[in-house]
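Residue-level listing of the chains:
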Amino acid sequence: MRSIDGVGLEQVRGVYDGPEGDLWELVMGEQIHIGGMASSMDLAEKAGIRGAARGIDLCCCTGAGMRCLVRLMQVGRMVGVDATRRVIELGRERCREQGFGDSIDFVEAEATGTGLPGGEADFVWGEDAWCYVSDKPALIREAARLVRPGGAVAFTDWVEGDTPLEAAEAERFQRFMKFPTFETVGGYRGLMSAAGLRVERAELTGRFAAHARLYIDMLEKQMTYDALRIIGFDMGLMAAMGQEMRFMLGLAEKGKIEQGLFVARKSG
Ligand SMILES: C[S@@+](CC[C@H](N)C(=O)[O-])C[C@H]1O[C@@H](n2cnc3c(N)ncnc32)[C@H](O)[C@@H]1O
């Protein structure tokens with residue numbers, strides 16, 4: 001697992017509390033993860049989540065993934081955990097407006113220590129968000145604690161690909177993205193085993209590069225004015241962001257950064 005200094009929850013909250021988070025939603029949609037609904041459906045199918053009674057989404061943001069699972073995968077109830085108050089407030093509003101007020105709850109907490117009762121969830125869920133959590137061993141232990149025996153821990157995340165990053169590349173990429181630590185597929189596999197989970201899937205999805213291109217196109221070819229409005233027409237910031245996104249695309253094209261998909265089960 002790679003680590004950088006000076007980036008932690010405060011900086012991550014800074015993203016999702018303001019314009020940078022709005023910008024991600026502009027180019028990616030309500031579901032702020034690679035592959036949007038198709039990725040959610042794929043993960044849910046692979047983890048056998050259809051019709052589950054209770055799920056917990058760790059780092060749920062505004063809860064778009066939870067609404068997707070309740071609406072399209074017939075999940076009964078979801079609880080979303082997030083450490084940024086603004087996205088939780090927005091999520092509650094969206095759930096009320098879209099008719100999920102009774103089936104989806106939010107908890108403001110760190111994903112490594114949710115305070116929720118253990119052993120009750122049919123599944124614990126995460127989509128492209130655990131990359132922001134510094135203490136990944138504690139996060140995986142919390143997911144393993146929350147899930148009931150026989151239940152699944154299912155998540156996608158940004159990971160280092162099969163071609164290793166150079167140290168300077170990792171530093172620049174993690175600093176731009178505000179990822180305090182950055183895992184590999186093998187690293188997550190080890191953490192899940194250490195937490196007592198049986199790993200069923202730990203693989204790369206191959207989606208990253210094509211989607212990174214799509215987000216750059218959205219910013220440069222279609223949503224430029226909307227993006228500029230969000231960042232107060234700061235042309236310098238726009239140019240810098242475009243440059244960093246192109247840098248990220250270059251890494252993805254070389255197989256250095258990817259989206260990983262993971263399904264593990266608690267025995268019992
Ligand atoms: C990319 S967004 C999540 C997107 C969401 N999973 C989806 O698919 O729409 C990342 C979220 O992780 C949350 N987050 C980051 N670190 C966290 C932590 N340590 N504990 C709880 N939430 C955290 C942020 O507040 C943010 O809302």
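Residues numbered from 1 in each chain as written. Predicted model: local features only at pLDDT ≥ 70, side-chain atom pairs only at ≥ 80, totals over all residues. Heavy atoms only, no water.

Novice: Would you take a moment to explain the environment of Pro137 for this structure?
Specialist: Summarising the element assignment, Pro137 is placed in helix H6 (residues 136-146). Separated by 29 residues in the primary sequence, Pro137 and Glu108 have C-alpha atoms spaced 20 Å apart. The contact partners of Pro137, leaving out residues within four places of it in the chain, are Met1 and Leu191. (Helix = DSSP H or I, 4+ residues; strand = E, 2+ residues; numbered from the N terminus. Contact = heavy atoms within 4.5 Å.)

Novice: Explain the site of the ligand here, please?
Specialist: Neighbouring the ligand are 22 residues; Ile32, His33, Asp82, Thr84 and Ala111 lie closest to it. With respect to the ligand, the backbone of Ala83 contributes an N or O atom lying 3.2 Å from a nitrogen atom. Within the side chain of Thr84, one N or O atom sits 2.6 Å away from an oxygen atom of the ligand. Its free accessible area being 600 Å², the ligand has 98% of it covered by the protein chains. By residue class, the composition of the shell around the ligand is 14 nonpolar, three polar and five charged. (Near = heavy atom within 4 Å. Polar contact = N/O pair within 3.5 Å; in protein donor to acceptor, adjacent residues only side chain to side chain. Areas by Shrake-Rupley, 256 points an atom, 1.4 Å probe, with all protein chains shown as cover. Nonpolar A, V, L, I, M, F, W, Y, C, P; charged D, E, K, R; others polar.)

Novice: Explain helix H1 (residues 9-16) here, please?
Specialist: Given 3.6 residues per turn, any residue in an α-helix points the same way as the ones three and four places further on. Buried within H1 we find Val12, Val15 and Tyr16. Along the long axis of H1, the arc covered by the buried residues comes to 85 degrees, so they all point the same way. Looking at the buried side of H1, the elements it contacts are helix H2 (19-28) and helix H5 (85-97). (Buried < 20%, exposed > 50% of the residue type's maximum accessible area, 1.4 Å probe, protein only. Arc of directions from axis to C-beta.)

Novice: Where do I start with the packing of H2 against helix H9 (residues 208-222) in this structure?
Specialist: Axis angle and axis distance: for two packed helices, these are the angle between their axes and the distance between the axes, and together they describe the pair. Axis separation between H2 and H9 bottoms out at 9 Å; the angle between their running directions is 105 degrees. By the criterion of interaxial angle, the relationship of H2 to H9 is roughly perpendicular. Residues Leu26, Val27 and Met28 of H2 touch H9, and the partners they reach there are Tyr215, Met218 and Leu219. For the contact of H2 with H9, the residue count by class is six nonpolar, no polar and no charged. (Axes fitted to C-alpha atoms, helices over the stretch in contact; angles between N-to-C directions. Parallel < 35°, antiparallel > 145°, perpendicular 65-115°, else oblique.)

Novice: In this structure, what is going on with the side chain of Gln31? I would like to understand it.
Specialist: Structurally, Gln31 is set in the loop between H2 and helix H3 (36-47). Of note is the side chain of Gln31, whose polar atom sits 3.0 Å from the side chain of Ser40. Beyond its immediate chain neighbours, meaning those up to four positions away, Gln31 contacts Gly36, Met37, Ser40, Ala64, Gly65, Cys68 and Glu127.

Novice: Explanation requested: the side chain of Asp157 in the structure shown.
Specialist: Locating Asp157 in the fold gives a position in strand S6 (residues 147-160). Lys136 is the oppositely charged side chain nearest to the buried, salt-bridge-free Asp157, at an N-O distance of 5.5 Å. For Asp157, the side chain forms a polar contact with the main-chain nitrogen of Trp130, separated by 3.5 Å. In terms of polar contacts, Asp157 uses its side chain to reach the side chain of Tyr188, at 2.6 Å. Residues within four places of Asp157 in sequence aside, it is in contact with Asp128, Ala129, Trp130, Cys131, Tyr188, Glu258, Gln259 and Gly260. (Lys, Arg positive; Asp, Glu negative; His and termini not counted. Salt bridge = Lys/Arg side-chain N within 4 Å of Asp/Glu carboxyl O.)

Novice: Can you help me understand the nonpolar core in this one?
Specialist: Generally speaking, a soluble globular protein has its nonpolar side chains buried in company with each other. Grouped together as the largest cluster of nonpolar side chains are 41 residues, with contacts concentrated most on Tyr16, Trp24, Trp158, Phe173, Met177 and Ile257. Elements with a contribution of two residues or more to this core: H1, H2, helix H7 (167-177), H9, helix H10 (224-230) and helix H11 (235-253). The element best represented in this core is H11, accounting for eight residues. The residues touching Met177, leaving out its near neighbours within four places in the chain, are Trp24, Tyr132, Trp158 and Met248. (Core = buried A, V, L, I, M, F, W, Y, C linked by side-chain atoms within 4.5 Å.)

Such coordinate-based values are descriptive only and should not be taken to indicate function.
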